[in-house]
Each structure stands twice: as C-alpha cells, then as structure tokens.
Amino acid sequence: MGFIIECPHCGPRPYTEFWYDGEVSALLPGETSTAEEEFDRVWTRQNADGAQDELWFHIMGCRRWLAARRDTTTNELHAD
C-alpha cells in the first residue's frame, strides 16, 4: 500500500487525496524580517532529510487543513 495520511476527520486516506502545501516555517511572535527573508520563508524549501512539519489540505475529502510531522526519507508520519 502507498503513502497513507491519517486525516483526523476522515480516517486513513491515500496521499493522492491531499494537496501538499509544503514545509511549515513560522515566524515567531515578536520577530521581524526583511522582504528577502520573508520571501525565503514563504517560497524557499529546505527539503532536508528527516522530520519536518508540513501542511496538507484534504482536497478530495473533508476539505480541511492538516498539520503533520513527516520523515521525508521514509514518509512516516509522527504525532506531535
């Protein structure tokens, strides 16, 4: 079986039902950034091996956002 994402509303679903929004790279409260830093935070992906926080949108199901921690080398999802 392929890569399965556990949707909290719909249960286990194939990743093809989701739209990948990318890595989460939040600005901490009180931090400021230049326009160049903000561009990099929003558009430049690290694509590093190992666990990273990501956003997925269940486009073919409940149409809700899902934040997940995924190991990029194994596609294993981890609970926070």
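Residues numbered from 1 in each chain as written. Predicted model: local features only at pLDDT ≥ 70, side-chain atom pairs only at ≥ 80, totals over all residues. Heavy atoms only, no water.

Draft legend 1. Representation of the packing of aromatic side chains. This model, assessed by the stated rule, comprises six aromatic pairs. Ring geometry for Phe 3 versus Trp 56: centroids 5.9 Å apart, planes at 70°, classification edge-to-face. One end of the pair, Phe 3, is in the segment before strand E1 (4-7); the other, Trp 56, is in strand E4 (residues 51-57), with 53 residues separating them in the sequence. Accessibility assignment for this pair places Phe 3 and Trp 56 in one class, buried. Grouping aromatic residues by their ring pairs yields a cluster made of Phe 3, Tyr 15, Phe 18, Tyr 20 and Trp 56. (Phe/Tyr/Trp six-rings, centres within 6.5 Å; stacked < 30°, edge-to-face > 60°. Helix = DSSP H or I, 4+ residues; strand = E, 2+ residues; numbered from the N terminus. Buried < 20%, exposed > 50% of the residue type's maximum accessible area, 1.4 Å probe, protein only.)

Draft legend 2. Quick peek at the nonpolar core. The biggest cluster of nonpolar side chains holds seven residues, and these are Phe 3, Ile 5, Cys 7, Phe 18, Trp 56, Leu 66 and Ala 68. Counting only elements with at least two residues in this core, the list comes to E1 and strand E5 (65-71). With residues near it in sequence (within four places) discarded, Ala 68 still touches Gln 52, Asp 53, Glu 54, Trp 56 and Leu 77. (Core = buried A, V, L, I, M, F, W, Y, C linked by side-chain atoms within 4.5 Å. Contact = heavy atoms within 4.5 Å.)

Draft legend 3. Focus on the pairing of E5. Here seven bridges tie E4 to E5, and the two strands are oriented antiparallel to one another. Across the sheet, residue Glu 54 finds its bridge partner in E5, namely Ala 68. Examined bridge by bridge, E5 and strand E6 (residues 77-78) share two bridges and lie antiparallel to one another. Its bridge partner lying in E6, Arg 70 is registered against Leu 77. Taken together, E5 and the strand that follows it, E6, pair antiparallel across an intervening segment of five residues, in which Asn 75 is found at a positive phi of about 65°. (Pairing = 2+ DSSP bridges.)

Coordinates in, geometry out; function isn't part of it.
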